[in-house]
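As a plain string of letters, each chain reads:
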Amino acid sequence: MYCLLYDLPHTRFAINAICFSQDGRLLASGDDDGYLRLFDFRLGKELRKVRVVTSVTSLLWHPRKPGVIFIGDARGSVTVMNLDAERPEAYCLRTGVNAPAETLAYDTCNGYLAVAVGTDIILFNRSEDPWTFGVNFPPPPTVKAGSVNHDEFLLPLPCVLKFSNDECSLVAVYFQHGIVSWLIESLQPEWTIWPKSRRVGGACFSSDGRNAVVSNLIDGFDCYDISNGRHLANLPTPIIYNVPLPSLFIEEDQSILCGSSCGYVLLYSGNMKNILQVLRHDEHHIIQALAYCKNEARFIATASSEASSDNYVRIWRAMVVDMTAPKKISDSSRSYWSIGGILSMILMVVTIWVRCLGINVVQTSVNSYIELWHNLAGRTFESFGPTSVFTWQGSSICFRSLGVQIVFGDKHHDSEIQEL
């Protein structure tokens, strides 16, 4: 379970991307105002604000260089910025496409940077070289085998990219052309998964690359097995605005974060059967940016992107439960549920039952028996409150508490409840 730490103040512009640094020290965010903001999220303090040419649409920290970050913008450029320098040093990788750079992916083995911009996927072989040119992937397959594709004349729009764990292929999720795996050497499609929904608004992949969760733009999210394309589960989320929503595998794939257009984030279990927690924002806020970090603790960042509203980044921290600590029992609980009290209650019931049934028992023995347990049971009934009175009167047992008197008697083998 996660508890809210605080909100990081932002602007009235939509927050499009957030991500934690590799060393877990910083949180970066980018918005439509064209600023990159850096936070010490553990202290809730903004450290730096850097102006970008236009709206920031995607962010990615360099996995090998902790102080370097890739910044995608609305004009299709990718800025590579070194934040460890006294003055931020930056250069620009130009895609040649005047469209938003929707998503970024980095291949740690070969040093490739993949950018989804407009209808193109561009691969930079040397992202450290400001003069490098990218290689364009061809358009994806447009017809599903054995069926007629009514979207064959619609443009392919890649929205999510991920390099495979074997570093030989790039998996691309398209808005309406399925999930396609591209071989990097030949730039040819390896396989294609056609989701149940006609369109996909966003996606995430498990750390082992076996499963993918996609925003179906209908009723929430769908999960697929990448190896065979089998639909595994549906993760329902109420839809107010039909917009692409983010998702994220966290906690070593044991949980799944799902954004929404209803002002909250759902935390699903890894088996996709249960909702573990609801992380709430303001009502009707659209949550289109998520991030997760694990260092000395586990943190979640969720960002709102409602237009003309006070947007913010909300920081959540995992609660630590000490399972070895002994549980403390309150004094009232200990007095009420003590062994003596429980035994007294049982024996009182047996005694009343014997008396009410009129079993032939020596009267003096029964009276002595009841008087013996009367003292123990009296202590138990004291826990009901200072106004409780428990008495034994001849052949009747009387209990008074909270304005009600209950009288048990063997004269007519019944009980009577009176309001005082």
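See the structure printed just above.
These numbers come from a predicted model, not from an experiment.

### Examining the state of the cysteines
Per the stated rule, a full pass over the model turns up zero disulfides. Unpaired in terms of disulfides, Cys 223 finds its nearest cysteine sulfur in Cys 204, a separation of 8.2 Å. Residue Cys 223 is classed as buried on the basis of its relative accessible area, which comes to 0%.

### Description of the pattern of salt bridges
As enumerated under the stated definition, the model contains eight salt bridges in all. For Arg 314, the salt bridge is made with Asp 7, and the minimal N-O distance between the two is 2.6 Å. Here Asp 7 lies in strand β1 (residues 2-9) and Arg 314 lies in strand β28 (residues 312-318), a separation of 307 residues in the sequence. Overall, Arg 314 belongs to the buried group, its relative accessible area being 11%. The salt bridge involving Arg 210 is made with Asp 208; its shortest N-O contact spans 3.8 Å. On the basis of relative accessibility, which here comes to 58%, the residue Arg 210 falls in the exposed class. A residue is classified by how much of its surface remains accessible, and Asp 208, at 37% relative accessible area, is partly exposed. The structure contains a network of salt bridges with shared partners spanning Asp 31, Arg 37 and Glu 46.

### Focus: the sheet that holds strand β19 (residues 211-215)
Strand order in the open sheet formed by four strands is β18-β19-β20-β21, with antiparallel pairing between adjacent strands. Taken across any chain shown, the strands that pair with only one partner, and hence form the sheet edges, are β18 (202-205) and β21 (231-236). Averaged over all pairs of adjacent strands, the angle between their axes in this sheet comes to 20°, without regard to strand direction. Where strand β20 (residues 220-225) meets β21, five bridges bridge the pair, whose relative direction is antiparallel.

### Re unusual backbone geometry
Peptide bonds are mostly trans, and most non-glycine residues show a negative phi. Positive phi outside glycine occurs at Glu 167, with the angle close to 60°. Note that Glu 167 resides in the loop between β14 (158-163) and β15 (169-174). Despite not being glycine, Glu 252 shows a phi value in the positive range, around 55°. Along the polypeptide, Glu 252 turns up in the loop between β22 (247-250) and β23 (255-258). For Glu 252, a relative accessible area of 66% puts it in the exposed group.

### Overview of the pairing of strand β9 (residues 89-94)
Note that strand β8 (residues 77-82) and β9 share six bridges and pair antiparallel. Bridge assignment links Val 80 to a residue of β9, and that residue is Tyr 91.

### Observations regarding the pairing of strand β27 (residues 298-304)
Among the seven residues of β27, six are classified as buried, and the element is accordingly described as predominantly covered. In the sheet, strand β26 (residues 287-294) pairs with β27 via seven bridges, with the strands oriented antiparallel. Along β27, the bridge assignment pairs Ile 287 with Ser 304. With antiparallel pairing between neighbouring strands as the criterion, β26 and β27 make up a hairpin whose turn holds three residues.

### Regarding the packing of aromatic side chains
Taken as a whole and judged by the stated rule, the model has four aromatic pairs. Consider the rings of Phe 41 and Phe 299, whose centres lie 5.0 Å apart with planes at 75°: the pair is edge-to-face. With a gap of 258 residues between them, Phe 41 in the loop between β4 (35-40) and β5 (45-51) and Phe 299 in strand β27 connect regions that are remote in the sequence. The two residues Phe 41 and Phe 299 agree in class, both being buried. Aromatic pair Phe 137 and Trp 182: ring centres 5.8 Å apart, planes at 65°, arrangement edge-to-face. Within this pair, whereas Phe 137 is found in the loop between β13 (135-136) and β14, its partner Trp 182 is found in strand β16 (residues 179-183), the two being separated by 45 residues in sequence. Trp 182 shares its class with Phe 137; the two are buried. One aromatic cluster in this structure is built from Phe 20, Phe 41 and Phe 299. In this structure, Arg 42 packs its charged tip against the face of Phe 41, placed 5.8 Å from the ring centre. Directly above the ring of Tyr 35 sits Lys 49, whose terminal nitrogen or CZ lies 4.8 Å from the centroid.

Rules of the game
Residues numbered from 1 in each chain as written. Predicted model: local features only at pLDDT ≥ 70, side-chain atom pairs only at ≥ 80, totals over all residues. Heavy atoms only, no water. Disulfide = S-S within 2.5 Å. Buried < 20%, exposed > 50% of the residue type's maximum accessible area, 1.4 Å probe, protein only. Salt bridge = Lys/Arg side-chain N within 4 Å of Asp/Glu carboxyl O. Helix = DSSP H or I, 4+ residues; strand = E, 2+ residues; numbered from the N terminus. Pairing = 2+ DSSP bridges. Axes fitted to C-alpha atoms, helices over the stretch in contact; angles between N-to-C directions. Phe/Tyr/Trp six-rings, centres within 6.5 Å; stacked < 30°, edge-to-face > 60°. Lys NZ or Arg CZ within 6 Å of the ring centre and 35° of its normal.

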